[in-house]
Each structure stands twice: as structure tokens, then as C-alpha cells.
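Descriptive analysis of the structure
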Amino acid sequence: MEFWHLEQKKKRNCNPILSFLLLLLTSFGSVHILAQTTTTELPSDITAEYANLSQSHQNMVDTSLLPVITSLSSRNREFAQYMQNVEKSYQNISAGRNFQPGFYLYTVTADDTSLPVRNLVSLAARCSVPYGEIALLNDLTSAEEDLTGKTLILPDAPGLFVPLNPATSIGTLVKKRLSNPDFGNEFTVNGKSYQYFPQERLTPTELAFFLDTNLRMPLDNSVLTSGFGNRVSPITGLNHQHKGIDLAAPEGTKVYACKGGTVAIASYDMTYGNYIILDHENKTQSVYAHLSAVLVKTGEEISRGAVIGKVGSTGASTGPHLHFEIRVNGAAQDPRRLLPAI
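Okay, so let's go over this structure. (Residues numbered from 1 in each chain as written. Predicted model: local features only at pLDDT ≥ 70, side-chain atom pairs only at ≥ 80, totals over all residues. Heavy atoms only, no water.)

**Let's talk about the overall build of the chain**
- Counting its regular elements, the chain contains 8 helices and 19 strands.
- By the burial criterion, 44% of the 342 residues in the chain qualify as buried.
- Taking the intrachain contacts of the chain between residues at least 6 apart in sequence as the baseline, contacts between residues at least 24 apart amount to 67%. (Helix = DSSP H or I, 4+ residues; strand = E, 2+ residues; numbered from the N terminus. Buried < 20%, exposed > 50% of the residue type's maximum accessible area, 1.4 Å probe, protein only. Contact = heavy atoms within 4.5 Å.)

What follows is the structure, given as C-alpha cells:
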């Protein structure tokens, strides 16, 4: 119906340029943002009408139509065009001009010698855009992840693409800080919705959260009293699989998050007593049990080293200690293989 009304108006005005634009829009249905597309000035008498027609379509990005960079070499035509666009975007932001960012596809391969270290930090440096932008658009969870074989969406402008339905912890943190339904500037990239904030960058806290790749000890000082694996239960006297380690410490000792993540559970259990489970990236969880106090709530985002509870002896316990577990894909792992020191 929208196109019918515009068609009638087109017939009345007999504007040949508008007729051509309407024909294109009717044929293709939506306007896709292509990084290599250059902007053509429209006559003032049709600019407003064209803008109204394309408003609901102009921020739909179909990655199958994006230009493909095969090498991050200056001799590569697409990459050279990409770098020109990046430079122009910085100029637009500095001057306070409105502009539309573009997007390219790049598959990281071992053959591309222009990227000798194939991780996010090296890629962002080569592309001259902050790595937070690439991480948010591609749901990356670590700056040190080997990207070999991954096909990535590269924005040709700095600024944060804030996911409206984040799939990573860093995405959740950024959304809480910036997401604003009144701001607009929304993009849909391969079915995922984002808001684009040209002037924004990751805060120091968000950067620290994203760069956090190592586990830290959950207690400052403790004594290992029971290891991982088969043991005789001090409660039942029977052999059983101990799925974590026990770290003895005085009641009330601070318990720290071993890594940044989200509080999946903060509750009470007859065996674990007061306990906390944190969800981390890559399907990893950490468990803290027998606490005398729980200082976090379910759904809360936690950074590495945050105080989340206090040592206690609740549940099935014979004395103050922390029962600590690491789970990967739901399976218990020996924390001593992952922690810096026990």
C-alpha cells in the first residue's frame, strides 16, 4: 500500500529521478548498506521523499551482499577501499557529521601473511578500528582467541555496535550502559539487531572485563584439605567422586570470583549450603559452596576478583572451608590444572 501511494504521487509529479528510485526500491525491496557504495547528492525536491521511503529499509545489512576482503594487504583492492572508508569515518566523527557505517567480510586464514598473529588485537590494529567494535559485531569472547578459519564482519568506522540481544558478557555490560530505545540508529546485521554509537568506546572497566582471560584464586590464603577425584566422604564415610577441591580458611574470609561472568545461581542447597554458580565464556562455570554469606544476586554481571561471598560451613560441611569447582560443558574439571597456584 505504501508503494501504491508513492506510485500515484510519482505519476502526478512526473519526476524521472524519483521514478527511477521507486523502481529500484520496488524491485529489490530494501536498501542494503554496502561499504563500497558512494553517496550521490539527490535534488532537494526529492531528498525528503526518498528518505521517508527508505527509512525502514536503510539499516538492514545482508552479509551475503557485502564486499569480501581476501587479504589485509594494501595491494588488495577491497582492503584499500576499506581503509579509505575508515579514514573518512574518523573525519566524519571528528567533524560531528552524520554518516552511515559500512561493513565488509573477511575470513582469517593462515595464508594471509599480512596478519601474522591471527587474534583480535592484531586484526583491529591492522584495520585501524578499536577491537571492541569487532568483538561486539562478531560475538567474540576473548582478545587472544585464535581467529583462524573464522569469517568476520568488519565495520569501516569506529564506535560501538551495541547488541540488543547480547550473546556475550561484554555485550551485556555494554548494553546495560548504552542501550537507549529513544536513540535510534539501529542496524540489523544477519538477523541480529544493534544500536550504533559513533562516539562511544569500551570503558576501562569493560576493557578489563574483556581482556580477563586467566583464572585467579578464589581465596587470598587457604589450605588445600581435599583434592579432586575419588575420596572417602567425611560426611557419609563412603567412597565418592569429589567434583571440586576444598580450601580451608577462617569463617568470614572473602571469596573472589575466579573470572568475570554472570551469576547463574545464588541460592541454598542441603549439600552445598549457601552457594554461587558463575557462568563464564566458552560454556565454563565456577562453583563456590558452603558460604556463610552470599553477596551477589542471580543475573548480576561480575568481574574477575569481585568479592562474591564469605567462607562458611553451611550445608554438608565439617568446618569452615570453600568447596570450589570448575565445570566445562557441564563436566567437572580439576581446578588445580587451571588455577595459577594451589
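**Some remarks on empty space enclosed by the protein**
- This structure, assessed with the given rule, holds 1 cavity of 30 Å³ or more.
- Space inside the largest cavity adds up to approximately 80 Å³.
- What lines the largest cavity is a set of 10 residues, and nearest its centre among them are T141, F209, F210, K259 and E281.
- Among the residues making up the lining of the largest cavity, the classes are represented as 3 nonpolar, 4 polar and 3 charged. (1 Å grid on protein atoms, 1.4 Å probe; cavity = no way out; pocket = protein on both sides within 12 Å on 5 of 7 lines; lining within 4 Å. Points joined across faces, edges and corners; volume = space filled by probe spheres on them. Nonpolar A, V, L, I, M, F, W, Y, C, P; charged D, E, K, R; others polar.)

**A look at the layout of surface pockets**
- As a volume, the second largest pocket reaches approximately 430 Å³.
- R231, H240, H242, H290 and A316 are the residues nearest the centre of the second largest pocket, which is lined by 23 residues in total.
- Within the residue set of the lining of the second largest pocket, elements represented by two or more residues are strand 8 (223-226), strand 10 (239-242) and strand 18 (321-328).
- The residue makeup of the lining of the second largest pocket, split by class, is 5 nonpolar, 14 polar and 4 charged.

**Points about the sheet that holds strand 6 (residues 186-189)**
- Taken together, the 4 strands give an open sheet; going across it, the order is 1-6-7-5, and neighbouring strands pair in mixed fashion. In this open sheet, the two strands that pair with only one neighbour each are strand 1 (60-61) and strand 5 (160-163).
- Direction of pairing for strand 5 relative to strand 7 (residues 192-197): antiparallel, over a ladder of 4 bridges. Bridge assignment links P163 to a residue of strand 7, and that residue is Y194.
- The strands touched by helix 6 (residues 131-138) are strand 5, strand 6 and strand 7; relative to strand 5, the strand with the most contacts, the crossing angle is about 30°.
- Those strands touched by helix 7 (residues 169-178) are strand 5 and strand 7, and its axis lies near 100° from that of strand 5. (Pairing = 2+ DSSP bridges. Axes fitted to C-alpha atoms, helices over the stretch in contact; angles between N-to-C directions.)

**Concerning the environment of F228**
- Looking at the secondary structure, you find F228 in the loop between strand 8 and strand 9 (229-232).
- C-alpha separation for the pair F228 and F324, spaced 96 residues apart in sequence, amounts to 9.8 Å.
- In this structure F228 touches Q241, H242, K243, G244, I245, A332, Q333, D334, P335 and R336, once residues within four positions along its chain are discounted.

**What about unusual backbone geometry?**
- Positive phi outside glycine occurs at N190, with the angle close to 55°.
- Turning to its location among the elements, N190 is positioned in the loop between strand 6 and strand 7.
- N190 sits in the exposed class, given a relative accessible area of 51%.
- Even without a glycine there, the phi angle at H290 is positive, about 70°.
- Following the sequence through the fold, H290 ends up in strand 15 (residues 284-294).

**Re helix 5 (residues 120-127)**
- Taken together, the buried positions of helix 5 are L120, L123, A124 and C127. All buried residues of helix 5 project into a common sector of 95° when viewed along the axis, lining one side.
- At its buried positions, helix 5 is contacted by helix 4 (77-95), strand 3 (103-107), helix 6, strand 4 (151-155) and helix 8 (204-211).
- For helix 5, the side-chain oxygen to backbone nitrogen distance between the N-cap and V121 is 3.3 Å, and the N-cap itself is N119. (Arc of directions from axis to C-beta. Polar contact = N/O pair within 3.5 Å; in protein donor to acceptor, adjacent residues only side chain to side chain.)

**What about the pattern of salt bridges?**
- Applying the stated criterion across every chain, the model contains 7 salt bridges.
- A salt bridge links R177 to E206, with the nearest nitrogen and oxygen atoms 2.8 Å apart. Of the two residues, R177 is situated in helix 7 and E206 in helix 8; the sequence distance between them amounts to 29 residues.
- Judged by relative accessible area, R177 falls into the partly exposed class, the value being 34%.
- Relative accessible area serves as the criterion here: at 5%, E206 is assigned to the buried category. (Salt bridge = Lys/Arg side-chain N within 4 Å of Asp/Glu carboxyl O.)

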